[in-house]
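# Fold and contact review
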Amino acid sequence: MTLHPAVQLIHFRAVCRWAGVPIDADEAETRCADQAAMIDGAGGIAIRHWQARRARKRSETWMAELVEQVRSNRIQVDEDRALFRVSWHRDAQGELLTPQVAAVEMLNLLRPTVAIARFVAFAALALHEHPTWYETLRDNDTWLEPFVQEVRRVYGFFPFLAARVRDDFEWNGYHFSKGRRVMLDLYGTNRDPRSWERPEAFRPERFEQESINAYNFLPQGGGDHAVNHRCPGEWFTIALMKEAVRQLTRHMTYSVPPQDLSVDWSRLPIIPESRFIIESVRPVIPA
């Protein structure tokens, strides 16, 4: 089994169920593949870029149709589900969102959940490369969060964020002109030796010992979630990764055959070359 695509599909089916999005078993793989293509094409050029654009168009058309079906009562969705809430949400002027805008908002819930599968693949890679942590995590919840945080620090799959300056301003003696393209260096900040001891080493214990804040730890953007460019799904990412590590270390046994586990940092977003293949997957049956 190739772990990365398998987890993508698991996450997609789960988030659709949570959001109230009806999905047939026959179409789940196709719809999930479109979410995956949008993620993979976010840092791509040429064919990956155009595949992502086509996948986005298909996904937005699909979701806009579902929104219209909710509004016309052609499908029934529980009122506490995201699809119902977004379909009936009204803007500041009291108007319903257009189906197209509502579709984008829904995909902004589904697609990032699929993206977390990359962090799961890297968590599996870290367990494989640092087997003492596999043993530590088998029966100890204390180290789960430090472990997944270190995975996020070391293997942030987008090394930078890009933006354009809204208004002229000065910062640390440098003038930022309106319209200038700027980049937030996630990779460099997460490895800055001024903030991190032995930054190139994989050391989950650092999250118990070092000073961590919203400006030196940027796996999913920096600053405050409410006002800066930091992902509001960060807590959800951590929770899903912790559950994945529990599954990998406590509820299944598997072997890792020879494969290409290298990571090409010039390819965005990054992923182990083999997507992490595991064999002889068996559930652990409690005694």
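Placed above this text is the structure.
One structure accompanies this document, and this report is about it. (Residues numbered from 1 in each chain as written. Predicted model: local features only at pLDDT ≥ 70, side-chain atom pairs only at ≥ 80, totals over all residues. Heavy atoms only, no water.)

Time to look at the packing of helix α3 (residues 47–71) against helix α5 (residues 99–129). At a minimum axis separation of 8 Å, α3 and α5 run at an interaxial angle of 115°. Overall, the two elements α3 and α5 adopt an arrangement that is roughly perpendicular. Both α3 and α5 take part in a crossing whose hand is right-handed. Taken together, the residues of α5 that come into contact with α3 (itself represented by Arg56, Ser59, Glu60, Trp62, Met63, Ala64, Val67, Glu68 and Arg71) are Pro99, Gln100, Ala102, Ala103, Val104, Met106, Leu107, Leu110 and Arg111. (Axes fitted to C-alpha atoms, helices over the stretch in contact; angles between N-to-C directions. Helix = DSSP H or I, 4+ residues; strand = E, 2+ residues; numbered from the N terminus. Parallel < 35°, antiparallel > 145°, perpendicular 65-115°, else oblique. Left-handed = near helix turned anticlockwise from the far one by under 90°. Contact = heavy atoms within 4.5 Å.)

To continue, consider the packing of aromatic side chains. Applying the stated criterion across every chain yields a total of 13 aromatic pairs. Judged by centre distance (6.3 Å) and plane angle (45°), the ring pair of Trp133 and Phe147 falls under tilted. In this pair, Trp133 sits in helix α6 (residues 131–137) while Phe147 sits in helix α7 (residues 144–154), placing the two residues 14 residues apart along the sequence. Neither residue differs from the other here; Trp133 and Phe147 are each classed as buried. Among the aromatic side chains, those forming a connected cluster through ring pairs are Trp133, Trp143, Phe147 and Phe202. Residue placement shows Arg153 over the ring face of Trp196; its charged tip is 5.3 Å from the ring centre. (Phe/Tyr/Trp six-rings, centres within 6.5 Å; stacked < 30°, edge-to-face > 60°. Buried < 20%, exposed > 50% of the residue type's maximum accessible area, 1.4 Å probe, protein only. Lys NZ or Arg CZ within 6 Å of the ring centre and 35° of its normal.)

Membership of the largest hydrophobic core comes to 62 residues, with the highest contact counts inside it found for Val21, Met63, Leu83, Met106, Leu110, Phe147 and Val151. Broken down by element, this core gets its largest block of residues, 17 residues, from α5. Once you skip the residues sitting within four places of it in the chain, Phe147 turns out to touch Ala123, Ala126, Leu127, Trp133, Leu137, Phe202, Pro204 and Val245. (Core = buried A, V, L, I, M, F, W, Y, C linked by side-chain atoms within 4.5 Å.)

Further remarks concern helix α10 (residues 234–250). Relative to the 24 Å expected for 17 residues at 1.5 Å per residue, α10 spans 24 Å between its end C-alpha atoms, a close match to the ideal helical length. Listing the buried residues of α10 in full gives Glu234, Thr237, Ile238, Met241, Lys242, Ala244, Val245, Leu248 and Thr249. For α10, the angular spread of the buried residues around the axis is 165°, confining them to a single face. Turning to α10, the residues buried within the fold contact α5, α6, α7 and β5 (252–255). (Expected span 1.5 Å × (residues − 1). Arc of directions from axis to C-beta.)

Where α5 contacts α7, the axes come no closer than 10 Å and their chain directions differ by 110°. Classified by the angle between their axes, α5 and α7 sit roughly perpendicular to one another. From α5, Phe119, Phe122, Ala123, Ala126 and Leu127 reach across to α7, where they touch Phe147, Val151 and Arg152. Split by residue class, the contact of α5 with α7 holds 7 nonpolar, no polar and 1 charged. (Nonpolar A, V, L, I, M, F, W, Y, C, P; charged D, E, K, R; others polar.)

For the rest of this paragraph, the subject is unusual backbone geometry. In this chain, Leu268 is followed by Pro269 through a cis amide linkage whose omega measures -10°. Tracing the backbone shows Pro269 in the loop between β5 and β6 (279–283). Even without being glycine, Ser280 reaches a positive phi, approximately 55°. Within the fold, Ser280 resides in strand β6.

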